[in-house]
Amino acid sequence: MSHFAKVENNIVTQVIVAEQDVIDSGLFGSPSSWVQTSYNTYGGEHLTGGTPLRKNYAGVGYTYDSERDAFIPAQPFNSWTLDETTCLWRAPKAMPKAKANTVYTWDEEKLAWTATKFTPA
């Protein structure tokens, strides 16, 4: 079984698991509106060592860019730029190294990462 993304006006509206022949049959609409995606592909790499497919696993709301042949998530902040190699968004500053009991969130107004400490349960 494979994963397929339904793409309408370059936006993913649905992701399903199906065989290629089912997609080709037209059971779920025009076969040309379905694009295969790989659950194991992230940032242009296949997580289990296989061949990556379309840079990232498709998600509802992702853009399918046919020129890049890539699924691209929504831009999280205006200051972030698209990494052409991975088709993932990158902050203008790298996230600080992980610290115990600390979560980092992006502050778009300050264009910086904000650290929040927490107490483990």
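Notes on the structure follow. The structure presented is a predicted model; accordingly, all values stated were derived computationally and were not measured.

## Some points on unusual backbone geometry
In the Ramachandran plot, Arg54 falls in the positive-phi region, its phi being about 60° despite a non-glycine side chain. Structurally, the position occupied by Arg54 is in the loop between strand E5 (45-46) and strand E6 (63-65). Despite not being glycine, Asn101 has its phi angle at roughly 60°, a positive value. If you trace the backbone, Asn101 turns up in the loop between strand E9 (88-90) and strand E10 (102-107). Among the residues examined, Asn101 registers a relative accessible area of 34% and is labelled partly exposed.

## A few points about the environment of Phe77
Topologically, Phe77 is positioned in the loop between strand E7 (70-72) and strand E8 (81-83). In the structure, Phe77 is positioned 14 residues away from Ala91 in sequence and 8.2 Å away in space, judged by C-alpha atoms.

## Some remarks on the environment of Asn56
As for its placement among the helices and strands, Asn56 is situated in the loop between E5 and E6. For Asn56, a relative accessible area of 2% corresponds to the buried category. The spacing of Asn56 and Asn40 is 16 residues in sequence and 8.2 Å in space, taken between C-alpha atoms. The contacts of Asn56, once residues within four sequence positions are left out, are Thr37, Thr41, Tyr42, Gly43, Phe71, Pro73, Thr86, Cys87 and Leu88. From its side chain, Asn56 meets the backbone oxygen of Phe71 in a polar contact 3.1 Å long. Among the polar contacts made by the side chain of Asn56, one reaches the main-chain carbonyl oxygen of Cys87 at a distance of 3.2 Å.

## A few points about the packing of aromatic side chains
Within the structure shown, the criterion is met by 7 aromatic pairs. A ring pair is formed by Trp80 and Trp106, whose centres lie 6.0 Å apart and whose planes are at 80°; its orientation type is edge-to-face. One end of the pair, Trp80, is in the loop between E7 and E8; the other, Trp106, is in strand E10, and 26 residues separate them in sequence. The same class applies to Trp80 and to Trp106, which are both buried. Three or more aromatic residues joined by ring pairs make a cluster, and in this case those are Phe77, Trp80, Trp106 and Trp113.

## Points about the pairing of strand E11 (residues 112-117)
As defined by bridge partners, E10 adjoins E11 across 6 bridges and the pair is classed as antiparallel. Looking at the pairing, Asp107 lines up with Ala112 of E11. In this antiparallel pair of consecutive strands, E10 and E11, the connection spans 4 residues, and Leu111 shows a positive phi of 50°.

## Description of the side chain of Thr86
Assignment of secondary structure puts Thr86 in the loop between E8 and E9. For Thr86, a relative accessible area of 12% translates into the label buried. Dropping the residues within four chain positions of it, Thr86 is found in contact with Gly43, Gly44, Lys55 and Asn56.

## Overview of the pattern of salt bridges
Applying the stated rule across the entire model yields 4 salt bridges. Its salt-bridge partner being Arg68, residue Asp65 comes within 2.5 Å of it at the nearest N-O pair. For Asp65, a relative accessible area of 16% translates into the label buried. When the shortest N-O distance is used, the salt bridge between Glu84 and Arg68 registers 2.8 Å. Separated by 16 residues along the polypeptide, Glu84 in the loop between E8 and E9 and Arg68 in the loop between E6 and E7 bring together distant segments of the chain. Via salt bridges that share partners, Asp65, Arg68 and Glu84 belong to a single interconnected network.

Conventions we followed
- Residues numbered from 1 in each chain as written.
- Predicted model: local features only at pLDDT ≥ 70, side-chain atom pairs only at ≥ 80, totals over all residues.
- Heavy atoms only, no water.
- Helix = DSSP H or I, 4+ residues; strand = E, 2+ residues; numbered from the N terminus.
- Buried < 20%, exposed > 50% of the residue type's maximum accessible area, 1.4 Å probe, protein only.
- Contact = heavy atoms within 4.5 Å.
- Polar contact = N/O pair within 3.5 Å; in protein donor to acceptor, adjacent residues only side chain to side chain.
- Phe/Tyr/Trp six-rings, centres within 6.5 Å; stacked < 30°, edge-to-face > 60°.
- Pairing = 2+ DSSP bridges.
- Salt bridge = Lys/Arg side-chain N within 4 Å of Asp/Glu carboxyl O.

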